[in-house]
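Coordinates in review
Residue-level listing of the chains:
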Amino acid sequence: MKDNAQFRKLYDDFHIMVYNCALHYVQNTADAEEITQDVFLKIHESMHQFREQSAIKTWIYRITINKSLDFIKQKHTQKKWFAFSKNSVSDYEMSRIPDFEHPGILLENKEKAALLFGIINTLPENQKTAFLLSKVEGLGNPEIATIMEISISAVESLVFRAKTSLREKISEKFEEHRKKK
């Protein structure tokens, strides 16, 4: 009974954080909900393995990021498989079109946010993770280093490279947009 109460408290304390973090990766509410369920299933199955060598929040972020990245990889693999089948647009694919209903984004900013997250999604995984944890989740470099299991200087480097790359890509998109008008 104690384990169930402990799990319920973890869920109550962290389900919004997990959902938002997953949503930053997949930009689709249904996918983020699925990842959130997977994360808490993993937490429930693995609670006895948590050694308290890091904060519980750090452990949960690590699980969330790994589940999100695994989900994206699986989704890309399915897209490639569907592309070789007779019907390239399946019901599955149609149900997974990003709806980008992020709770922190106003309706009039949805298009801009979708464009921005589309650009963020082009970053290498480690840069994307460091950038999202730093600039979107608002975590400090020491906590990001613990979550990603890298040094603080590596986090700083990843965030710097991500920002530099994003600046270039956003500038290119802006130029394309200006030329169209």
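Please refer to the structure higher up on the page.
We now turn to the structure provided with this report. (Residues numbered from 1 in each chain as written. Predicted model: local features only at pLDDT ≥ 70, side-chain atom pairs only at ≥ 80, totals over all residues. Heavy atoms only, no water.)

Overview of the overall build of the chain
The number of helices and strands found in the chain is eight helices and zero strands. Along the chain direction, N to C, the helices and strands of the chain fall in the order α-α-α-α-α-α-α-α. A total of 181 residues make up the chain; the buried ones form 38% of that total. Across the chain, contacts joining residues at least 24 apart in sequence account for 67% of those joining residues at least 6 apart. As displayed, the chain has an accessible area near 11,500 Å², and 54% of this comes from carbon and sulfur atoms. (Helix = DSSP H or I, 4+ residues; strand = E, 2+ residues; numbered from the N terminus. Buried < 20%, exposed > 50% of the residue type's maximum accessible area, 1.4 Å probe, protein only. Contact = heavy atoms within 4.5 Å. Areas by Shrake-Rupley, 256 points an atom, 1.4 Å probe, with all protein chains shown as cover.)

A short note on the side chain of Lys75
Structurally, Lys75 is set in helix α3 (residues 56-83). A polar atom in the side chain of Lys75 sits 3.3 Å from the side chain of Asp31. (Polar contact = N/O pair within 3.5 Å; in protein donor to acceptor, adjacent residues only side chain to side chain.)

What about the environment of Ser134?
Its place among the elements puts Ser134 in helix α6 (residues 125-136). Its relative accessible area of 14% is what places Ser134 among the buried residues. Taking the C-alpha atoms as reference points, Ser134 and Val155, 21 residues apart in sequence, are found 9.1 Å from one another. Apart from the residues lying within four places of it in its own chain, the contact partners of Ser134 are Leu139, Ile144 and Val159.

Geometric descriptors of this kind do not, in isolation, establish any biological role.
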